[in-house]
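Fold and geometry: a report
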Amino acid sequence: MQFIFRKFSVSLAFKELPTHYKPSNIYDLNTFPKHYEDFISKLGSEYPGYNDPTYMNWVKKVRNAPSIIGKVNKVEYNSDHIQTWSTLYSKLRKLHYKFACEEHTENLKELEDYDIISANEVPNFAKINKYLKQKSGFQMVNVGGMVEPRIFLYGLAFKVFYSTQYIRHKSVPFYSPEPDIVHEIMGHVPMLANKEFARFSQEIGRKALGASDDVIDVLGKVYFFTVEFGILSDKVLGAGILGSCKELEHVGTGKGKIEEWNLGKVVKQDLTLSDYQPQYVDVGSLSNLKDIFAEVNDYLNL
Ligand SMILES: [Fe+2]
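These numbers were taken from a predicted model, which means no experiment stands behind them. Residue positions are given per chain, counting from 1 as you read along its sequence in written order. Per-residue local features are limited, in this predicted model, to residues with pLDDT of at least 70; the limit for side-chain atom pairs, both in listing and counting, is 80 or more; totals at the level of whole chains, interfaces and linings are taken over all residues. Side-chain numbers here rest on the full set of heavy atoms in the structure, without hydrogens or water.

To continue, consider the overall build of the protein chain. Helix and strand assignments come from DSSP, with helices taken as H or I runs of at least 4 residues and strands as E runs of at least 2, each series counted from the N terminus. Helix and strand content of the protein chain: 13 helices and six strands. When the backbone C-alpha atoms are referred to their principal axes, the protein chain occupies close to 55 × 45 × 40 Å. By the convention used here, residues are in contact when the closest approach between their heavy atoms is within 4.5 Å. The long-range share in the protein chain, meaning contacts at least 24 apart out of those at least 6 apart in sequence, stands at 71%. Using a 1.4 Å probe, accessible areas were evaluated by the Shrake-Rupley method; residue-level cover was limited to the displayed protein chains. Summed over all atoms, the accessible surface of the protein chain reaches about 12,900 Å², with 49% contributed by carbon and sulfur. Asp and Glu are treated as the negative residues and Lys and Arg as the positive ones, with His and the ends of the chain left uncounted. Lysine's charge is taken at NZ, arginine's at CZ, aspartate's at CG and glutamate's at CD. Placing the 36 positive and 37 negative side-chain charges of the protein chain at their respective mean positions leaves the two points 3 Å apart.

Following this line, the structure appears as structure tokens:
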């Protein structure tokens with residue numbers, strides 16, 4: 001069975017936060033638990049690395065680290081983890097040069113030039129956050145896995161990007177059933193450093209504060225088809241594609257169906273979690289994101 005990595009689902013069954021709970025400042029984010037989708041229990045022996053106790057113990061330790069605003073969780077990566085990172089890094093970089101949007105490529109090159117990201121080590125959040133704070137004000141904060149949409153969107157409202165830190169198992173470097181650090185760093189970080197893109201992400205998060213579940217569902221879909229799986233004038237914008245070798249090749253070589261932005265269609269679109277997206281949405285340019293958010297805002301205020 002072919003699995004393609006997916007980061008975010010608005011159809012997650014678990015909802016832990018009360019609907020109208022609304023953090024009033026960034027430190028309120030520390031006050032609620034970051035429950036996450038438990039892919040290990042869900043997949044059992046099909047979870048990559050399940051029969052490797054050393055790896056599984058490490059993953060569980062990384063997942064269980066406290067998630068605290070402003071405090072970077074330091075993770076020890078061994079030679080196997082670094083090898084997996086290096087393998088993916090090299091392959092993804094070649095694909096990025098061909099298929100990624102210019103904004104992603106420029107910022108990833110800058111991260112390399114500053115020696116923040118390289119093939120030789122798994123990047124640490126302290127260096128990443130120093131860079132992001134200067135570029136857009138965002139910061140990565142560790143979580144144990146794919147958190148519920150409401151919590152994730154609340155983080156965006158305060159320029160907090162909840163992010164995993166474990167890395168997929170060495171036996172299947174081109175597959176992960178859930179977000180890992182390869183997706184977060186190679187897919188998300190370069191675009192979070194872009195001010196226009198960061199502003200759009202934060203606006204989606206702000207709109208989510210205290211919103212109903214129905215509004216969260218709409219915002220989750222807008223996020224999913226732009227930040228995760230968006231296209232930018234035929235080049236790849238979305239982190240769900242940029243962090244996946246297979247999906248980058250799929251989209252980059254013209255096998256994906258790409259449509260123009262259409263909010264009415266996006267909100268009715270089902271999310272595909274176990275294969276490529278049946279269609280991707282081309283937002284045209286980053287400056288269009290402002291208009292897209294205004295359209296979303298109008299739609300939700302009707
Ligand atoms: Fe993601």
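We now examine helix α5 (residues 125-135). Every buried residue of α5 is accounted for by Phe-125, Ile-128, Asn-129, Tyr-131 and Leu-132. For α5, the angular spread of buried residues about the axis comes to 165°, placing them on one side. Turned more than 90 degrees away from the buried face of α5 sit Lys-130 and Gln-134, all of them exposed. The secondary structure elements touched by the buried residues of α5 are α4 (102-113), β1 (139-142), β2 (160-163) and α7 (181-192). One side-chain oxygen of the residue at the start of α5 lies 3.0 Å from the amide nitrogen of Ala-126, identifying that residue as Asn-124. Throughout, exposure labels follow a simple rule: accessible area from a 1.4 Å probe, protein chains only, divided by the maximum for the residue type, with under 20% read as buried, over 50% as exposed, and the rest as partly exposed. By construction, the arc corresponds to the directions joining the helix axis to the C-beta atoms. In protein, a polar contact requires one atom able to donate a hydrogen and another able to accept it; more generally it is a pair of N or O atoms within 3.5 Å, and residues adjacent in sequence count only if both atoms are side-chain atoms.

Here we take up the pairing of β2. Neither face of β2 is left uncovered, since the one carrying Val-160 and Tyr-162 and the one carrying Phe-161 and Ser-163 both have all their residues buried. Here a strand pair is declared whenever DSSP counts at least two bridges between the two strands. By the bridge criterion, four bridges tie β1 to β2 in an arrangement that is parallel. The residue bridging Asn-142 from the neighbouring strand is Ser-163, located in β2. Consider the strands pointing away from the viewer: the crossover is right-handed when the path from the first strand over the helix to the second runs clockwise. In this region the chain leaves β1, passes through helix α6 (residues 149-157) and returns to the parallel neighbour β2; the handedness of that crossover is right-handed.

Turning to the sheet that holds strand β5 (residues 258-260), a few remarks are in order. Strand order across the open sheet formed by four strands is β4-β3-β6-β5, with mixed pairing between neighbours. The open sheet has two free edges, formed respectively by β4 (235-236) and β5, since each of these has just one partner strand. Strand direction decides the pairing type here: strand β3 (residues 230-232) and β4, joined by two bridges, are antiparallel. Its bridge partner being in β4, Leu-232 is matched across the sheet by Lys-235.

Take the nonpolar core next. Within the largest apolar cluster, 98 residues are counted, with the highest numbers of intra-cluster contacts made by Trp-58, Trp-85, Ile-117, Leu-132 and Tyr-162. With near-sequence residues (within four places) excluded, Trp-85 lies in contact with Ile-117, Ser-118, Ala-119, Glu-121, Val-122, Pro-123, Ile-167, Ile-181, Val-182, Ile-185 and Met-186. Residues grouped as a nonpolar core are buried Ala, Val, Leu, Ile, Met, Phe, Trp, Tyr and Cys residues, joined through side-chain atoms within 4.5 Å.

By themselves these figures say nothing about function.
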